[in-house]
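If you want the building blocks of each chain, they are given just below.
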Amino acid sequence: MSNTLKLELGYEGTDFTRKMNITNVTNEDCTTAKTRIKALNASIAGGTDGGLANFLRSDDFDDTEGIGTFTGIVAATIISTTTEYINLEEEGE
């Protein structure tokens, strides 16, 4: 099984969003993703993000207008896929 975590990042004062995919996510990380995302968003809102909000700026960032500072993850999806290879060379079937 293969897991991908799809995230959508939101920004202050703009409708701009950024989408990112994180591949090869473990099953364990899938079970804790919601808790971790909520903790990250709380850290940004509380000002304890260590500068992350200013690091992940939007493309239309404008400090004088207060636009484009990262406010948190606004959407998340986990996609799990199973791949089964079919051996067509096997005889008798």
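Residues numbered from 1 in each chain as written. Predicted model: local features only at pLDDT ≥ 70, side-chain atom pairs only at ≥ 80, totals over all residues. Heavy atoms only, no water.

Asker: For this particular structure, what's the right way to read the environment of Phe 55?
Answerer: Structurally, the position occupied by Phe 55 is in helix α2 (residues 52–55). For the pair Phe 55 and Val 74, spaced 19 residues apart in sequence, the C-alpha separation works out to 17 Å. (Helix = DSSP H or I, 4+ residues; strand = E, 2+ residues; numbered from the N terminus.)

Asker: Would you mind showing me how to read the environment of Phe 61 here?
Answerer: Here Phe 61 is to be found in the loop between α2 and β3 (70–81). In this view, Phe 61 contacts Ile 67, Gly 68 and Thr 69; residues no more than four positions away in its chain are not counted. (Contact = heavy atoms within 4.5 Å.)

Asker: It is not clear to me how the sheet that holds β3 should be interpreted in this structure. Could you clarify?
Answerer: Pairing between the strands of a sheet is mediated by backbone hydrogen bonds and can be parallel or antiparallel. Reading across from one edge, β2-β1-β3 is the order of the three strands in this open sheet, with antiparallel pairing throughout. On the outer flanks of this sheet lie β2 (17–23) and β3, each paired with one strand and no other. Shown here is a sheet whose adjacent strand axes are inclined to one another by a mean of 20°, direction ignored. Where strand β1 (residues 2–11) and β3 come together, ten bridges link them in antiparallel fashion. By the bridge assignment, Thr 4 is partnered in β3 with Ile 79. Against the sheet, helix α1 (residues 27–46) contacts β1 and β3, and its axis sits at roughly 175° relative to β3. (Pairing = 2+ DSSP bridges. Axes fitted to C-alpha atoms, helices over the stretch in contact; angles between N-to-C directions.)

Asker: Can you help me understand the packing of aromatic side chains in this one?
Answerer: A full pass over the atoms with the stated rule returns two aromatic pairs. With centroids separated by 5.9 Å and ring planes inclined at 55°, the aromatic side chains of Tyr 11 and Phe 70 adopt a geometry described as tilted. Here Tyr 11, found in strand β1, pairs with Phe 70, found in strand β3; they are 59 residues apart in sequence, far enough to count as distant. Classification of Tyr 11 by relative accessible area gives buried; the value is 6%. The rings of Tyr 11, Phe 16 and Phe 70 are connected pair by pair, giving a single aromatic cluster. Just above the ring of Phe 61 sits the side chain of Arg 57; from NZ or CZ to the centre is 4.0 Å. (Phe/Tyr/Trp six-rings, centres within 6.5 Å; stacked < 30°, edge-to-face > 60°. Buried < 20%, exposed > 50% of the residue type's maximum accessible area, 1.4 Å probe, protein only. Lys NZ or Arg CZ within 6 Å of the ring centre and 35° of its normal.)

Asker: Please explain unusual backbone geometry as it appears in this structure.
Answerer: Leaving glycine out, the prevailing phi sign among residues is negative, and the prevailing peptide bond configuration is trans. Not every positive phi belongs to a glycine, and Asn 24 is a case in point at roughly 60°. Considering the arrangement of structural elements, one finds Asn 24 in the loop between β2 and α1.

Asker: What exactly am I supposed to notice about α1 here?
Answerer: Given 3.6 residues per helical turn, the α-helix brings residues three or four places apart onto the same face. Along its 20 residues, α1 runs 29 Å from first to last C-alpha, staying within 8% of the 28 Å computed at 1.5 Å per residue. Of all bends in α1, the biggest is about 50°, found at Ala 33. Buried within α1 are the following residues: Cys 30, Ala 33, Ile 37, Ser 43 and Ile 44. Residues of α1 that are buried sit in contact with β1, α2 and β3. Phi turns positive, to about 75°, at Gly 47, one or two residues after α1. (Expected span 1.5 Å × (residues − 1). Bend = angle between axes of the 7 residues up to and from the residue.)

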